[in-house]
Amino acid sequence: MQSLSPTEVHATDDAYIIDVREAEELAQARVDGAHHIPLGELVARLDEVPRDRTVFVMCHVGGRSAQAVAYLEQQGVDAVNIDGGILQWYRAGLPVEMGGAG
């Protein structure tokens, strides 16, 4: 499984980010432009995941996104885990919307 740091993902032009956290977590903090598909809905919503580009997957600290990436890879999707999730994204000083709605 490939993983990249939040800084590396943020530096990627037009990165397609999927956030697999729950709606309540998104209400606290989110990355602008990230696509929300909770981990528990990923199988049912697989058709929403692009197959023609790399997708970067994040959660809170990296555990759920690693599960999502493993599943997506099994489905033939080029998926990359974002190390440390949104917590590391925030700690790296990258833009986060606080208190935004999902």
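The following refers to the structure shown. Note that the coordinates shown come from a computational prediction; the quantities given were computed from them, not determined experimentally.

Quick notes on the rules
- Residues numbered from 1 in each chain as written.
- Predicted model: local features only at pLDDT ≥ 70, side-chain atom pairs only at ≥ 80, totals over all residues.
- Heavy atoms only, no water.
- Helix = DSSP H or I, 4+ residues; strand = E, 2+ residues; numbered from the N terminus.
- Expected span 1.5 Å × (residues − 1).
- Buried < 20%, exposed > 50% of the residue type's maximum accessible area, 1.4 Å probe, protein only.
- Contact = heavy atoms within 4.5 Å.
- Pairing = 2+ DSSP bridges.
- Axes fitted to C-alpha atoms, helices over the stretch in contact; angles between N-to-C directions.

**Remarks on helix α3 (residues 63–74)**
The end-to-end C-alpha distance of α3 is 17 Å, a good match for the 16 Å that twelve residues give at a rise of 1.5 Å each. Listed as buried for α3 are Ser-65, Ala-66, Ala-68, Val-69, Tyr-71 and Leu-72. Those residues of α3 hidden inside the fold are in contact with β5 (55–58) and β6 (79–82). Immediately beyond the C-terminal end of α3, within one or two residues, lies Gly-76, with a positive phi of roughly 85°.

**Focus: the sheet that holds β5**
Backbone hydrogen bonds hold the strands of a sheet together, and the pairing may be parallel or antiparallel. One open sheet holds the five strands; their spatial order is β1-β6-β5-β2-β4, and the pairing between them is parallel. Strands with a single pairing partner mark the edges of an open sheet, and in this sheet they are β1 (3–4) and β4 (35–36). Where strand β2 (residues 16–19) meets β4, two bridges bridge the pair, whose relative direction is parallel. Note on β4: the bridge partner recorded for Ile-18 is His-35. Against the sheet, α3 engages β5 and β6, with an angle of about 175° to β6.

**Some details on unusual backbone geometry**
Among all residues save glycine, negative phi is the norm, and among peptide bonds the norm is trans. One non-glycine residue, Asp-14, lies in positive phi territory at about 55°. By the secondary structure assignment, Asp-14 is in the loop between α1 (6–10) and β2. By relative accessible area, Asp-14 is classed as exposed at 63%.

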